[in-house]
Amino acid sequence: MARFGMVIDTARCVGCMDCVIACKTENQVPEGFHRDWITTEVSGRFPTLSMEIRTERCNHCDEPPCVTCCPTGASHVEEFGRIVLVNHEQCIGCKACLASCPYDARFVHPDGYADKCTFCIHRVEAGQDPACVAVCPTRCMHFGDLDDPQSEVSRLLQSRRHHALLPEAGTRPRIFYLS
Amino acid sequence: MTELTTTRSNPMVDPILHVWGWEIPVYLFLGGLVAGMMLISGYFLFSGRWRNARSACYVLPGMSLVLLSAGMLALFLDLEHKAFVWRLYTTFEPGSPMSWGAWILVLVYPALAANLLMRVPAPLRRRAPALGELSDRLVERPAAPRWIGATNMILGGLLGVYTGVLLSALGARPLWNSALLGPLFLVSGLSAAAAFVHLTARDAAERELLAKADNGFLIAELVFLALFLIGLLTASGAHARAADLLLTGPFGALFWVGVVGLGIVVPLVVQLLAVEHKVAHTPVAPLLVISGGLVLRFVIVQAGQVSHWLRLAGL
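Attention here is on the structure that accompanies the text.

What counts, and at which threshold
- Residues numbered from 1 in each chain as written.
- Chains lettered and ligands numbered in written order.
- Predicted model: local features only at pLDDT ≥ 70, side-chain atom pairs only at ≥ 80, totals over all residues.
- Heavy atoms only, no water.
- Helix = DSSP H or I, 4+ residues; strand = E, 2+ residues; numbered from the N terminus.
- Rg over C-alpha atoms; globule rule 2.2 N^0.38 Å.
- Contact = heavy atoms within 4.5 Å.
- Areas by Shrake-Rupley, 256 points an atom, 1.4 Å probe, with all protein chains shown as cover.
- Lys, Arg positive; Asp, Glu negative; His and termini not counted.
- Charge placed at Lys NZ, Arg CZ, Asp CG, Glu CD.
- Phe/Tyr/Trp six-rings, centres within 6.5 Å; stacked < 30°, edge-to-face > 60°.
- Buried < 20%, exposed > 50% of the residue type's maximum accessible area, 1.4 Å probe, protein only.
- Pairing = 2+ DSSP bridges.
- Axes fitted to C-alpha atoms, helices over the stretch in contact; angles between N-to-C directions.
- Salt bridge = Lys/Arg side-chain N within 4 Å of Asp/Glu carboxyl O.
- Core = buried A, V, L, I, M, F, W, Y, C linked by side-chain atoms within 4.5 Å.
- Buried area = accessible area lost by both parts, 1.4 Å probe.
- Polar contact = N/O pair within 3.5 Å; in protein donor to acceptor, adjacent residues only side chain to side chain.
- Disulfide = S-S within 2.5 Å.

Some points on the overall build of chain B
Assigned secondary structure in chain B consists of eleven helices and one strand. Counted from the first residue to the last, chain B has its helices and strands arranged as β-α-α-α-α-α-α-α-α-α-α-α. Its C-alpha atoms give chain B a radius of gyration of 21 Å, within 12% of the compact-globule value 20 Å for 315 residues. Considering only C-alpha atoms, chain B reaches an extent of 75 × 55 × 25 Å along its principal axes. By sequence separation, contacts in chain B at least 24 residues apart represent 74% of the contacts at least 6 residues apart. Summed over all atoms, the accessible surface of chain B reaches about 13400 Å², with 71% contributed by carbon and sulfur. Placing the 21 positive and 16 negative side-chain charges of chain B at their respective mean positions leaves the two points 7 Å apart.

Next up, the structure:
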């Protein structure tokens, strides 16, 4: 069974927010809420500054604390692609999953349930890329099976320097940034 | 230096997590207070003090039921998807402290009801004579009070520890990443419950006993608080910054004045003098202890939501 993940080339990302708009349109994300977003990280001291632009979302962690802490089993790891999902009919809106996520990737949908990126599972099941990946004008986003050594994401991780976000939080995130 | 800029602006999440308002601290406080009351009334039953008709163990179970129900109402008010609350009881999730808590609460109610049966209030006895007869049969059996007392103590301990573990299991918030939160909240609940008995006891010997016990609980609370902070300060940078939120940061005044000063040290000094008969017992000290327990839950819950693995400027 596949283990889906994303590889994002920060050298190509220009922060155009096409991925954000595509996600909102594809998933009908309510106004004022975001399943994905752009983070700009500037580090160093003038004049030796560096900047990394990242498109961020739920990291679909291998050790998802949001799933462990959920008291009803609404947050779960889907067998298909090991994607972390929320069953809306089981969620009581206790917000423990929001507090447990070191990436603050979740929010409470106006209808009351916890919501977040689904890797566009409805598209992936149909053999398509997630909407954010499909629309990226610089082709900086790559989606695929991390367990398949021949997949594009695996080959990129084998050949390029990369990092994940907050590895110290111990959740084993599955979104990697090429630097 | 690192500067982060994000386009995200999700309600309750940005710019700083604030998913839990007043409801959760109130629930954790009332849960801890009831846990303490169950331990004390359970001990009174177990040790045979229930034979004293003026014992607080006849007041505590009824009060516990009222306070716990108020706490659960606060918890319910916090839920965003209220119509689905019954989903808590369609599964047991062993990794989720909240699931453990939901099931512990199911056991706590009958344990408190059994405790209440030790002496059915007269008006209730008149309306439901069967309850009175059941109570009489219970009291006649020497083992029954001991079993009910032991069950109340065990469940009270679990309930008290759970209120802390609920937070400490959320690894994304460094302030809560301490196994000491469980015992800290338990001993704080015990201290508040002892203060409640100190305040309301009709039996002078019991009031004296609980004042002495409360002094022990307050000292233990100070020790757990110190160990909790030392643990954070000697862990990662994120944990040390989280501890600074309480020590010198935006929650410093509330922590030092509301929790440590007025909530622990001042009532401890007053009660130490009172049990030595150097000053008279005053309701001010136990009232301060109870309000200090509430402020502790507010400070820990709110500061915990501010604490983060990311470096946030000015926090």
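Here we look at the packing of aromatic side chains
Residue and element names in this part refer to chain B. According to the stated counting rule, one finds nine aromatic pairs over all chains in the structure shown. Ring geometry for Tyr43 versus Phe44: centroids 6.2 Å apart, planes at 50°, classification tilted. Look at Tyr89 and Trp103: their rings are 5.0 Å apart centre to centre, the planes differ by 85°, and that puts the pair in the edge-to-face class. Residue Tyr89 is found in the loop between helix 2 (60-78) and helix 3 (97-116), and its partner Trp103 is found in helix 3; the two are separated by 14 residues along the sequence. Judged by its relative accessible area of 31%, Trp103 falls in the partly exposed class.

Let's talk about the sheet that holds strand 1 (residues 4-9) of chain A
Residues and elements named next belong to chain A. Overall, mixed pairing links the four strands, which are arranged 8-1-10-9 in an open sheet. Two strands lie at the open edges of the sheet, namely strand 8 (141-145) and strand 9 (162-163), each paired on one side alone. Two elements, strand 1 and strand 10 (residues 175-178), share four bridges in a ladder whose sense is parallel. Bridging across to strand 10, Asp9 finds its partner in Leu178. Along the sheet face, helix 6 (residues 152-159) touches strand 1, strand 8, strand 9 and strand 10 and points at about 110° away from the line of strand 8.

Remarks on the pattern of salt bridges
Counting across every chain of the model gives 19 salt bridges over all chains. Counted as one network, the salt bridges with shared partners bring together A:Arg3, A:Asp62, A:Glu63, A:Asp147, A:Arg172 and A:Arg174.

Remarks on the pairing of strand 1 of chain A
For strand 1 of chain A, the buried fraction is high: six of the six residues fall into the buried class. The alternating pattern of strand 1 of chain A places A:Phe4, A:Met6 and A:Ile8 and A:Gly5, A:Val7 and A:Asp9 on opposite faces, both of which are buried.

Overview of the nonpolar core
Among the nonpolar cores identified, the biggest contains 107 residues, and B:Leu159 and B:Leu246 are the most heavily contacted of them. Ranked by the residues each element gives to this core, the list is headed by helix 1 (residues 23-46) of chain B, at 15 residues. Beyond its immediate chain neighbours, meaning those up to four positions away, B:Leu246 contacts B:Leu175, B:Phe228, B:Leu229, B:Phe251, B:Gly252, B:Phe255, B:Trp256, B:Val299, B:Ile300 and B:Ala303. If you look at the next biggest cluster of nonpolar residues, it comprises 33 residues, including A:Ile38, A:Ile53, A:Tyr103 and A:Val124.

Digging into the interface of chain A and chain B
Facing 45 residues of chain A, the contacting portion of chain B comprises 38 residues. Around 3500 Å² of area is buried between chain A and chain B when both sides are counted, 58% of it from carbon and sulfur atoms. When the area that chain A buries against chain B is broken down by residue, the three leading residues are A:Ile92, A:Lys95 and A:Asp104, summing to 19%. Counting across the interface, chain A meets chain B through four salt bridges. A:Lys95 is the partner of B:Glu80 in a salt bridge, and the nearest nitrogen-oxygen pair spans 2.9 Å. The interface formed by chain A and chain B holds 24 residue pairs in polar contact (both at pLDDT 80 or more) in total. Those elements that provide at least two residues to the side of chain A that touches chain B are strand 2 (37-45), helix 2 (65-69), helix 3 (96-100) and strand 6 (107-108) of chain A. A total of eight residues in the side of chain A that touches chain B trace back to one element, the largest contributor, which is strand 2 of chain A. Looking at chain direction, strand 2 of chain A and strand 1 (residues 2-6) of chain B are connected through five bridges and run antiparallel. Across the sheet, the residue bridging to A:Thr40 is B:Thr5, located in strand 1 of chain B.

Observations regarding the state of the cysteines
Residue and element names in this part refer to chain A. According to the stated counting rule, one finds zero disulfides over all chains in the structure shown. Just so you know, Cys19 is unpaired, no disulfide at all, and the nearest cysteine sulfur is the one on Cys16, 6.2 Å from it. Here Cys66 stays free of any disulfide, with the sulfur of Cys58 as its closest cysteine sulfur at 6.2 Å. Relative accessible area serves as the criterion here: at 9%, Cys66 is assigned to the buried category.

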